[in-house]
Amino acid sequence: MKHDFHYTMSRRGFLVVAAGAAVSASLRPTRASAVDERQIKVGPGQALFNGANGASTAVWTYNGTVPGPALRLRQGEPVRITVENGLDEDTTVHWHGIRLPNAMDGVPGLTQPPIKPGGSFTYEFTPPDAGTFWYHPHADSLVQLGRGLAGPLIVEEREPVVVDRDLLWLLQDWRLTADGQIAGGFGGMMDASMSGRVGNVVTINGEVPADLGVRAGERVRLRLANASLARMMALRFEAHRPVVVAVDGQPCDPHEPENGRIVLAPAMRVDIVLDMQGDPGSRHAVIDDFYDGLAYTLANVAYDKGPPLRAHPLDAPVGLPRNPLPAPDLARAVRQEIVLQGGMMGGGKLKGLGGMMGMGMPGMNGGAAWAINGMSMTGDGHAGMAPQFALERGATCHLTMRNETAWWHPMHVHGFSLSVLSRNGAPVPHRQWQDTVLLAPRDVIECAFVADNPGDWMLHCHVADHQMAGLMTVFRVK
Ligand code: C2O
Ligand code: CU
Ligand code: CU
């Protein structure tokens, strides 16, 4: 993939010097106009969570909708996405989970200047991996994500996968007031130091869920993406046996989830295959029971009364083709450790921290509540963030993440997918790669990746409050 990165980088250079483009253009093997061009305008809008007759909620949108438009890209084909900022504050777009050149990663200060109000920025990359990804801001992240800025990004496989329907549920959690508006009070210290801003309304693709209409006998690929600020989910499909075929966009060995529960922390994606084996006319709940005692029915699978589409489940294999991820060389790996610290009930306040590095996040009413290896980096990303560690390009990094807090943390790495090796000493099966790994309180996770992509990369908790309040760091690939 190294070549792709270079290729994209130099094309970017070419754009900058567009006036002298003749030579560069003649080097292009195919039609220059073949580059996939997209436009995204960020700006305020209105959402109808309860359909056309319900109340409208003031939100922030990509191209006028919540969630933003589903971007469908093609694996290995370059795309150029121009983002125009119609907000009154800086923004950026981060292409979550896509392995792309560092300059396209969307972290303000660290990888690009923020997009000013009225300004624009053109992102260019060639997605190396097929799968389910998403995009969101990386500036004023808690507020911008919390006001609705998120959209699905699907990279299509080169050969179509055999299913009857390919569906996507982008899940968002909102904290709404009684009159249906987004509650203020972002970044309060209670949210920041505990479980984050968990809301009171969950939407699927921007609407309070109605039934998912299905036909008996059909096979559905359902792409689940949790774009919530803080809400963790564990979905059970009553009377069905979903098969997990990809996690965080990366195909894994197909398997049924443990206890039938599909755990989705913020920023995680899981692709499942569902063979619809219920009876025509029947209805089955989809239950989210992540939080003890707070289970609720998220949606219902509702079968059409018509006869089954086929008598037996489709016998095409459910497995997806693997992506071209570089294989870690564990025998020669460089070991690094990340220790998560802080939060309420984690031994009181941040204790015994050496170099507290409150990078001054105006508007956060508490500052740091969390730390990684004794250091708190708060906010969204800044110029000059000192890397926690540096890796030689091409080296395998064996990364241990140790959660010393009393809280759950979906730890997300930019620019790479992690081969997840073990959880609390037990091997993780199914050859799973993830860009977001959920750590339960006290969990220890071991994973590995090849540092093949140069730049300064973020590693942070994707509970937005936790990230803003210090659970973030940076590492460098030289
Ligand atoms: Cu989806 Cu740095 O995040
Ligand atoms: Cu990311
Ligand atoms: Cu966290």
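It should be emphasised that the depicted structure is a prediction, and the values quoted were computed from it without experimental measurement.

Draft legend 1. Focus on the pattern of salt bridges. The tally for this structure, following the rule as stated, stands at 32 salt bridges. Note that Arg223 and Asp166 form a salt bridge whose closest N and O atoms lie 2.8 Å from each other. Remark: Asp166 occurs in strand β9 (residues 165-174) and Arg223 occurs in strand β12 (residues 219-226); sequence separation between them is 57 residues. On the basis of relative accessibility, which here comes to 1%, the residue Arg223 falls in the buried class.

Draft legend 2. Structural context of the packing of aromatic side chains. All told, the structure shown has 14 aromatic pairs when counted by the stated rule. Measuring from centroid to centroid gives 4.9 Å for Phe290 and Tyr291, while their planes differ by 80°, and the two rings are edge-to-face. For Tyr291, a relative accessible area of 22% translates into the label partly exposed. Consider the rings of Phe416 and Phe475, whose centres lie 5.9 Å apart with planes at 40°: the pair is tilted. Note that Phe416 is positioned in the loop between β24 (409-413) and β25 (418-423) and Phe475 in strand β31 (residues 472-477), a separation of 59 residues in sequence. The burial state of Phe416 is the same as that of Phe475; both residues are buried. Ring pairing ties together the aromatic residues Tyr62, Trp95, Phe121, Tyr123, Phe125 and Tyr135, which thus form one cluster.

Draft legend 3. Spotlight on the coordination of the copper ion (ligand 2). Ligation of the copper ion (ligand 2) by protein atoms is provided by His94 (NE2) and His412 (NE2), these donors lying 1.8 Å from the ion. Within this pair, whereas His94 is found in strand β5 (residues 94-96), its partner His412 is found in strand β24, the two being separated by 318 residues in sequence. Assessed through its relative accessible area of 1%, His94 is described here as buried.

Draft legend 4. Highlighting the coordination of the copper ion (ligand 3). For the copper ion (ligand 3), the full set of protein donor atoms is His409 (ND1), Cys461 (SG) and His466 (ND1), and the range of their distances to it is 2.0 to 2.1 Å. Each donor residue of the copper ion (ligand 3) lies on the same chain, and together they follow the pattern H-x51-C-x4-H. With respect to burial, Cys461 and His466 carry one shared label: buried.

Draft legend 5. The side chain of His136, seen in detail. Note that His136 resides in strand β7 (residues 131-136). A relative accessible area of 3% places His136 in the buried class. A polar side-chain atom of His136 sits 3.4 Å from a polar atom in the side chain of His462. Discounting chain neighbours no more than four positions away, the residues touching His136 are Tyr62, Thr92, Val93, His94, His96, Leu145, Leu149, Ala150 and His462.

Draft legend 6. Representation of the sheet that holds strand β1 (residues 36-47) in the model. In spatial order, the strands read β2-β1-β4-β6; together these four strands make up an open sheet with mixed pairing. The open sheet has two free edges, formed respectively by β2 (57-62) and β6 (120-125), since each of these has just one partner strand. Strand-to-strand, the axes of this sheet are offset by a mean angle of 20°, without reference to chain direction. Strand direction decides the pairing type here: strand β4 (residues 79-85) and β6, joined by six bridges, are antiparallel. Residue pairing in the sheet places Arg80 in a bridge with Glu124 of β6.

Draft legend 7. Representation of the state of the cysteines. Overall, the coordinates contain zero disulfides when judged by the stated rule. Here Cys397 is not disulfide-linked; the sulfur of Cys447 is the nearest cysteine sulfur, at 7.8 Å. Judged by relative accessible area, Cys397 falls into the buried class, the value being 0%.

Draft legend 8. Just the side chain of Thr405, in detail. With respect to the secondary-structure elements, Thr405 resides in the loop between β23 (396-403) and β24. A distance of 2.9 Å separates a polar atom in the side chain of Thr405 from a polar atom in the side chain of His409. Leave out the neighbours within four places in its chain, and Thr405 touches Leu340, Gln341, Gly342, Trp370, Pro441 and Arg442.

Draft legend 9. A look at the environment of Trp134. As for its position among the elements, Trp134 is in strand β7. In this structure the C-alpha to C-alpha distance between Trp134 and Leu170, which are 36 residues apart in sequence, comes to 9.0 Å. Within the local environment of Trp134, its side chain forms a polar contact with the backbone oxygen of Ala267, the two atoms lying 3.4 Å apart.

Draft legend 10. Seen up close, the sheet that holds β7. Strand order in this open sheet of four strands is β3-β8-β7-β5, and the pairing throughout is mixed. Of all the strands in the sheet, just β3 (71-74) and β5 have a single pairing partner and so form its edges. Within this sheet the neighbouring strands show an average axis-to-axis angle of 30°, counted without direction. Alignment of β3 against strand β8 (residues 151-156), held across four bridges, turns out to be parallel. From the neighbouring strand, Arg74 faces β8, where its bridge partner is Glu156.

Draft legend 11. Examining the nonpolar core more closely. One finds Trp95, Trp169, Phe237, Met401 and Phe475 to be the most contacted residues of the largest nonpolar core, which totals 114 residues. For this core, the leading source of residues is β9, giving six residues. Inspection of this core shows a minimum of three residues originating in each of domain 1 (1-322) and domain 2 (330-477). If near-sequence neighbours (up to four positions away) are discounted, Phe237 is found in contact with Trp169, Leu222, Pro242, Ile262, Ile272, Leu274, Ala285, Val286 and Val301. If you look at the next biggest cluster of nonpolar residues, it comprises seven residues, including Leu110, Met377, Met385 and Val474.

Draft legend 12. Up close: the environment of Gly367. You can see Gly367 is positioned in the loop between β20 (334-342) and β21 (370-372). Separated by 11 residues in sequence, Gly367 and Thr378 place their C-alpha atoms 7.4 Å apart. In this structure Gly367 touches Met189, Thr378 and Ala469, once residues within four positions along its chain are discounted.

Calculation rules
Residues numbered from 1 in each chain as written. Chains lettered and ligands numbered in written order. Predicted model: local features only at pLDDT ≥ 70, side-chain atom pairs only at ≥ 80, totals over all residues. Heavy atoms only, no water. Salt bridge = Lys/Arg side-chain N within 4 Å of Asp/Glu carboxyl O. Helix = DSSP H or I, 4+ residues; strand = E, 2+ residues; numbered from the N terminus. Buried < 20%, exposed > 50% of the residue type's maximum accessible area, 1.4 Å probe, protein only. Phe/Tyr/Trp six-rings, centres within 6.5 Å; stacked < 30°, edge-to-face > 60°. Donors = N, O, S within 2.8 Å, 3.2 Å for Na, K, Ca; no water. Polar contact = N/O pair within 3.5 Å; in protein donor to acceptor, adjacent residues only side chain to side chain. Contact = heavy atoms within 4.5 Å. Pairing = 2+ DSSP bridges. Axes fitted to C-alpha atoms, helices over the stretch in contact; angles between N-to-C directions. Disulfide = S-S within 2.5 Å. Core = buried A, V, L, I, M, F, W, Y, C linked by side-chain atoms within 4.5 Å. Domains from an automatic or database assignment.

Scope: geometric values only; no functional claims are made or implied.
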